[in-house]
Amino acid sequence: MAREKDADATVRGKPAHHPGTEANGPTRAVVIVPVLTRHQRNDDETNRPRLMRSADARHDEAVGLARAINLDLIHTAVVTVNDPRPATLLGSGKVAEFAEIVKEGHAEVVVVDHPLTPVQQRNLEKELNAKVLDRTGLILEIFGERARTKEGTLQVELAHLNYQKGRLVRSWTHLERQRGGAGFLGGPGETQIESDRRQLQEKIIKLKHELETVRRTRDLHRAKRRKVPFPVVAIVGYTNAGKSTLFNRLTGADVLAQDMLFATLDPTLRRVHLPHGTPIILSDTVGFISDLPTHLIAAFRATLEEVVEADLVLHLRDISDPDTAAQAEDVERILADLGVDAGDAKRVIEVWNKIDRLDEGNRSRLLADGADASKAPPIAVSAVTGEGIDALKAIIETRMAGELEDLTVTIEPAQFGLVDWLYRNGDVVSRTDNDDGSATISLKATQSAREEIESRLRRKNNG
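Residues numbered from 1 in each chain as written. Predicted model: local features only at pLDDT ≥ 70, side-chain atom pairs only at ≥ 80, totals over all residues. Heavy atoms only, no water.

- The name an unreviewed UniProt entry gives the chain is GTPase HflX, with Mesorhizobium cantuariense as the organism.
- The annotation that UniProt attaches to the chain under Function (unreviewed entry) is "GTPase that associates with the 50S ribosomal subunit and may have a role during protein synthesis or ribosome biogenesis."
- Regarding the chain, the relevant UniProt record gives this comment under Subcellular location (unreviewed entry): "Cytoplasm". (UniProt positions renumbered as here; feature names shortened; annotations may be inferred.)

### Topic: the overall build of the chain
Piece 1. On a plain count of helices and strands, the chain comes out with 14 helices and 14 strands.
Piece 2. When each of the 463 residues of the chain is scored for burial, the buried share is 47%.
Piece 3. Restricting to contacts in the chain with at least 6 residues of sequence separation, those with at least 24 account for 70%.
Piece 4. Working note: accessible area of the chain is about 23,100 Å², and carbon and sulfur atoms make up 49% of it. (Helix = DSSP H or I, 4+ residues; strand = E, 2+ residues; numbered from the N terminus. Buried < 20%, exposed > 50% of the residue type's maximum accessible area, 1.4 Å probe, protein only. Contact = heavy atoms within 4.5 Å. Areas by Shrake-Rupley, 256 points an atom, 1.4 Å probe, with all protein chains shown as cover.)

### Re the pattern of salt bridges
Piece 1. Applying the stated criterion across every chain yields a total of 15 salt bridges.
Piece 2. With its nearest N and O atoms 2.7 Å apart, the salt bridge here joins Arg 135 to Asp 113. You can see Arg 135 sitting in helix 4 (residues 135-146) and its partner Asp 113 sitting in the loop between strand 4 (109-112) and helix 3 (118-128), a full 22 residues away along the chain. Like Arg 135, the residue Asp 113 is buried in the burial classification.
Piece 3. As a salt-bridge pair, Glu 125 and Lys 131 come within 4.0 Å of each other at their nearest N and O atoms.
Piece 4. Look at Glu 125 and you get partly exposed, because its relative accessible area is 26%.
Piece 5. One connected set of salt bridges, linked through shared partners, spans Arg 58, Glu 61, Asp 113 and Arg 135. (Salt bridge = Lys/Arg side-chain N within 4 Å of Asp/Glu carboxyl O.)

### Section: the pairing of strand 6 (residues 232-237)
Piece 1. Of all six residues making up strand 6, six are buried, and the element is well covered by its neighbours.
Piece 2. Of the two faces of strand 6, the one carrying Val 232, Ala 234 and Val 236 and the one carrying Val 233, Ile 235 and Gly 237 are both buried.
Piece 3. Pairing of strand 6 with strand 8 (residues 279-284), which is carried by four bridges, proceeds in the parallel orientation. Bridged to Val 232 within strand 8 is Ile 281.
Piece 4. The pairing of strand 6 with strand 9 (residues 312-318) spans five bridges and is parallel. Its bridge partner lying in strand 9, Ile 235 is registered against Leu 314. (Pairing = 2+ DSSP bridges.)

### A few points about the pairing of strand 3 (residues 72-81)
Piece 1. Most of strand 3 is tucked away: eight of the ten residues are buried.
Piece 2. Two elements, strand 2 (residues 28-36) and strand 3, share nine bridges in a ladder whose sense is parallel. Paired with Val 35 across the bridge in strand 3 is Thr 80.

### Some points on the sheet that holds strand 10 (residues 348-353)
Piece 1. Taken in spatial order, the six strands line up as 7-8-6-9-10-11 in an open sheet, and their pairing is mixed. Looking at the sheet topology across the chains shown, the edges are occupied by strand 7 (268-273) and strand 11 (379-380).
Piece 2. Strands strand 6, strand 9 and strand 10 of the sheet are contacted by helix 10 (residues 324-337), whose axis makes an angle of about 155 degrees with strand 9.
Piece 3. Where helix 12 (residues 389-401) meets the sheet, it contacts strand 6, strand 8, strand 9, strand 10 and strand 11, and its direction lies at approximately 155 degrees from that of strand 9. (Axes fitted to C-alpha atoms, helices over the stretch in contact; angles between N-to-C directions.)

### Some words on the environment of Leu 207
Piece 1. Relative to the helices and strands, Leu 207 resides in helix 6 (residues 192-227).
Piece 2. Taking the C-alpha atoms as reference, Leu 207 lies 6.3 Å from Leu 158; in sequence the two are 49 residues apart.
Piece 3. Ignoring any residue separated from it by four or fewer positions in sequence, one finds Leu 207 in contact with Leu 154, Glu 157, Leu 158 and Leu 161.

### Comments concerning the packing of helix 2 (residues 92-105) against helix 3
Piece 1. Closest axis-to-axis distance for the helix 2/helix 3 pair is 9 Å, and the angle between their directions is 55 degrees. When the interaxial angle is binned, helix 2 and helix 3 end up oblique. Of the residues in helix 3, those touching helix 2 at Val 95, Phe 98, Ala 99 and Val 102 are Leu 124, Glu 127 and Leu 128.
Piece 2. Looking at side-chain class alone, the contact of helix 2 with helix 3 contains six nonpolar, no polar and one charged residues. (Parallel < 35°, antiparallel > 145°, perpendicular 65-115°, else oblique. Nonpolar A, V, L, I, M, F, W, Y, C, P; charged D, E, K, R; others polar.)

### Description of helix 12
Piece 1. The end-to-end C-alpha separation of helix 12 is 18 Å, in line with the 18 Å expected for 13 residues at 1.5 Å each.
Piece 2. Among all positions in helix 12, only Ile 389, Leu 392, Ile 396, Glu 397 and Ala 401 are buried. Here the buried residues of helix 12 occupy an arc of 135 degrees about the axis, which is enough to place them on one side.
Piece 3. Looking at the residues trailing helix 12, positive phi occurs at Gly 402, about 95 degrees. (Expected span 1.5 Å × (residues − 1). Arc of directions from axis to C-beta.)

### Observations concerning the packing of helix 1 (residues 55-67) against helix 4
Piece 1. The contact between helix 1 and helix 4 brings their axes to 9 Å, and the two run at 40 degrees. Relative to helix 4, the element helix 1 is oriented oblique. Along this stretch, helix 1 crosses helix 4, giving a crossing that reads as left-handed. In this structure, helix 1 uses Glu 61, Leu 65 and Ala 66 to contact helix 4, whose residues at the interface are Arg 135, Leu 138 and Ile 142.
Piece 2. For the contact of helix 1 with helix 4, the residue count by class is four nonpolar, no polar and two charged. (Left-handed = near helix turned anticlockwise from the far one by under 90°.)

### With respect to the confidence of the model for the chain
Piece 1. In the predicted model, the chain carries a mean pLDDT of 78, and the fraction of residues at 70 or more is 76%.
Piece 2. In this model, residues 42-46 is a region of pLDDT below 50 whose contacts with residues beyond four sequence positions or in other chains number seven contacts.
Piece 3. Confidence drops under pLDDT 50 across residues 169-189; counting only partners more than four residues distant or on other chains, this segment forms 35 contacts. (pLDDT = per-residue confidence, 0-100.)

### Comments concerning the environment of Leu 304
Piece 1. Considering the arrangement of structural elements, one finds Leu 304 in helix 9 (residues 301-309).
Piece 2. The exposure class of Leu 304 is buried, given its relative accessible area of 3%.
Piece 3. Along the sequence, Leu 304 and Val 236 sit 68 residues apart, while their C-alpha atoms lie 9.8 Å from each other.
Piece 4. Setting aside residues no more than four positions away along its own chain, Leu 304 makes contact with Val 286, Phe 288, Ile 297 and Leu 338.

Written out as structure tokens, the structure reads:
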């Protein structure tokens, strides 16, 4: 039984990346969200059942993905599938029903929010008489439109070619055999599909070489950063969790931040000085999503290495989303694929964003439920209003530079150049100017700041 939803046709903007847009407006599209009743997803490692999203949440996410490439949605529907068909996934009656909707609405694209086999995609395109995008294809379209840097473009192209390589099925008339060989008769030659696959493979090899060059460049940049030992803090999370908004709040930068899935794709790095002067490099990464294609993760591994190399990872969650637990599970699974243990409290801080969207009762209940004696409590923030940001900065600084310590330092007249540094890198509690011209300063500073103070005083004394 299908549960249909009216889709407004107000989406306007620049043309979609690949599906195609006519001069008179954006591409008209239909979104189908199949819900397989017998489909139980298990964790690949533990074989434990994975958290399943509600049909409404899946519908809203699929609509958000489609609108991310400016598709004009004329119809959306959630369809319960009791018996998945190998040929079309959906039953013949539903396929005929949607074919009529596509025809009447003059839709050019049908988005199926589920992985489709090449055969299923080809058969649905024939039956619906429209371009069909499955979930993987749609995500690739979005990434293709969002990529801005050369590295991002290369990564998207590589992922797209790997996706297309498995979909060269016999759906065109030109896939006959080409004659080859020498002499009169010649051999049977290679089929056109084999030629296409060979050309795709050659392009894939070329792109991998180019990305390897990019990876080496990134390694050089990391090596330079290690010479100036600034710790790296990476923000990760489900798409639209508010990573870029938090990044802007912490850095004062102006990275694109919109209420849109995959609003930003390419990673951004900025230097930040924390309240007690500790410098860090903050990294904003691409958002994760459920069922992220494996070859897409592989293509973006060079970018995601920023997460692997990070000294501290902020796992940002949209705590106002009803499916926040399932989203967190998807992020943790991808982090595990990258070799990052989300349960490592020393390296990963869980940050609950968008608490401004919760009333006081729900906020207190969620914070109480999230308290786990076995790990550090989550940090509740609102990247929009700034609530909780000071506490988050303090936690980051403690992790990176150690707890605050009480210090008393006597600065000789010849060392007064250090006074300004002390005020910038510590909380000065009191200052006493002595008769001999020296000054005694009591302050609170991090462990790393204390070590730096001692080192600077030694250099002054030895100098």
